[in-house]
Amino acid sequence: MKTNQLNEEFKKATKAQKRVMIAKDVLAQIKAKRYFPESGEWVKPLWSDDQKSIDIKLDPNSSIKDAFKSKAINSCQVCALGGLFMSCTNLNNNTTVQDMKTEYYLGEVVQDNDKISNGLNRIFTQKQLMLIEIYFEGGEGYFKGYSDENLLVTFFESFNDDERLKMIMQNIIDNNGTFKPSKLDI
């Protein structure tokens, strides 16, 4: 599906449909080797060979989506929130290089329920974003702890970063846009 058509479809979708579209994009980017799941990272761009820094080659007002599409940003290491953030940006193009640098502390932005440039926290609830990140990071990321600690520990210790992120995204797809840890195939 062409990018513009996908963007139009995204604009018209319900919040639940948008969450599924974002999760599908995360899985597609992992498969295409554009996202590399990495606990402890947010979004760490991996530049094409001729670029050393986001500050050197990309104008602060330029689009992250365009930089990713043109492969100026070749790929990214991402945590769960970072993958959701990048895929939401891929689908709606509301994030600039400056926004990405400003929103570097995405955990804090989510916790404070501040506005995210691409609308991610208007599509996913704060509770869902926190839960997704807790499960990806094994309770050791920005949001520490969880009430069902046995399920969390088992999930974290049984699967690597790549497997966990794929399972979380598939869970969102399978549950019509809602992450339900109790339905993880552990």
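Calculation criteria
Residues numbered from 1 in each chain as written. Predicted model: local features only at pLDDT ≥ 70, side-chain atom pairs only at ≥ 80, totals over all residues. Heavy atoms only, no water. Helix = DSSP H or I, 4+ residues; strand = E, 2+ residues; numbered from the N terminus. Buried < 20%, exposed > 50% of the residue type's maximum accessible area, 1.4 Å probe, protein only. Contact = heavy atoms within 4.5 Å. Areas by Shrake-Rupley, 256 points an atom, 1.4 Å probe, with all protein chains shown as cover. Expected span 1.5 Å × (residues − 1). Phe/Tyr/Trp six-rings, centres within 6.5 Å; stacked < 30°, edge-to-face > 60°. Polar contact = N/O pair within 3.5 Å; in protein donor to acceptor, adjacent residues only side chain to side chain. pLDDT = per-residue confidence, 0-100.

**Q** Outline the overall build of the protein, listing residues and values.
**A** Looking only at helices and strands, one finds 11 helices and 3 strands in the protein. If you list the helices and strands of the protein from N to C, you get α-α-β-β-α-α-β-α-α-α-α-α-α-α. In the protein, which comprises 186 residues, the proportion classed as buried is 51%. Here the contacts in the protein between residues at least 6 apart in sequence split such that 68% fall between residues at least 24 apart. Accessible surface, the protein: about 9500 Å² in total, of which carbon and sulfur atoms supply 46%.

**Q** I'd like a rundown of helix 2 (residues 15–31), residues and numbers included.
**A** Taking 1.5 Å of rise per residue, the 17 residues of helix 2 would be expected to cover 24 Å, and the 24 Å separating its terminal C-alpha atoms lies within 8% of that figure. All of the buried residues in helix 2 are K18, R19, V20, M21, I22, A23, D25, V26, Q29 and I30.

**Q** Let's hear about the packing of aromatic side chains: which residues, and what values?
**A** Evaluation of the coordinates by the stated rule reveals 5 aromatic pairs. Ring centres 5.6 Å apart and planes at 70 degrees place the aromatic pair Y135 and F179 in the edge-to-face group. With Y135 in helix 9 (residues 126–137) and F179 in the segment after helix 11 (161–174), this pair connects stretches of sequence that are 44 residues apart. Note on accessibility: Y135 and F179 belong to one class, buried. The interplanar angle of 50 degrees and the centroid separation of 5.7 Å between the aromatic rings of F155 and F159 together place this pair among those described as tilted. When its relative accessible area of 0% is taken as the criterion, F155 is described as buried. Through a chain of ring-to-ring contacts, the aromatic side chains of Y135, F155, F159 and F179 assemble into a single cluster.

**Q** Could you give an account of the environment of N113, naming the residues involved and the relevant values?
**A** Locating N113 in the fold gives a position in the loop between helix 7 (106–111) and helix 8 (120–123). Residues N113 and Q126, spaced 13 residues apart in sequence, show a C-alpha to C-alpha distance of 6.8 Å. Dropping the residues within four chain positions of it, N113 is found in contact with N121 and Q126.

**Q** Any chance you could break down the environment of I172 for me, citing the residues and the numbers?
**A** Position of I172 among the secondary structure elements: in helix 11. Overall, the relative accessible area of 0% leaves I172 in the buried class. Considered as a pair, I172 and L184 are 12 residues apart in the sequence and their alpha carbons are 10.0 Å apart. Setting aside chain neighbours within four positions, we find I172 in contact with R19, V20, A23, F124, I132, G177, T178 and F179.

**Q** Run through the side chain of S117, naming residues and quoting values.
**A** Tracing the backbone shows S117 in the loop between helix 7 and helix 8. Residue classification places S117 among the buried residues on the basis of a relative accessible area of 16%. Within the structure, the side chain of S117 is placed 2.9 Å from the side chain of T95, a separation counted as a polar contact.

**Q** Any details on the confidence of the model for the protein? Residues and values, ideally.
**A** Of all residues in the protein, 89% attain a pLDDT of 70 or more, and the chain-wide mean is 85. Confidence drops under pLDDT 50 across residues 50–56; counting only partners more than four residues distant or on other chains, this segment forms 12 contacts.

**Q** Hey, could you go over the side chain of N92 for me, with residue numbers and the actual values?
**A** With respect to the helices, strands and loops of the structure, N92 is situated in helix 5 (residues 80–92). By relative accessible area, which is 17% here, N92 ends up buried. There is a polar contact of 2.6 Å between the side chain of N92 and the backbone oxygen of N118. The contact partners of N92, leaving out residues within four places of it in the chain, are N7, F10 and N118.

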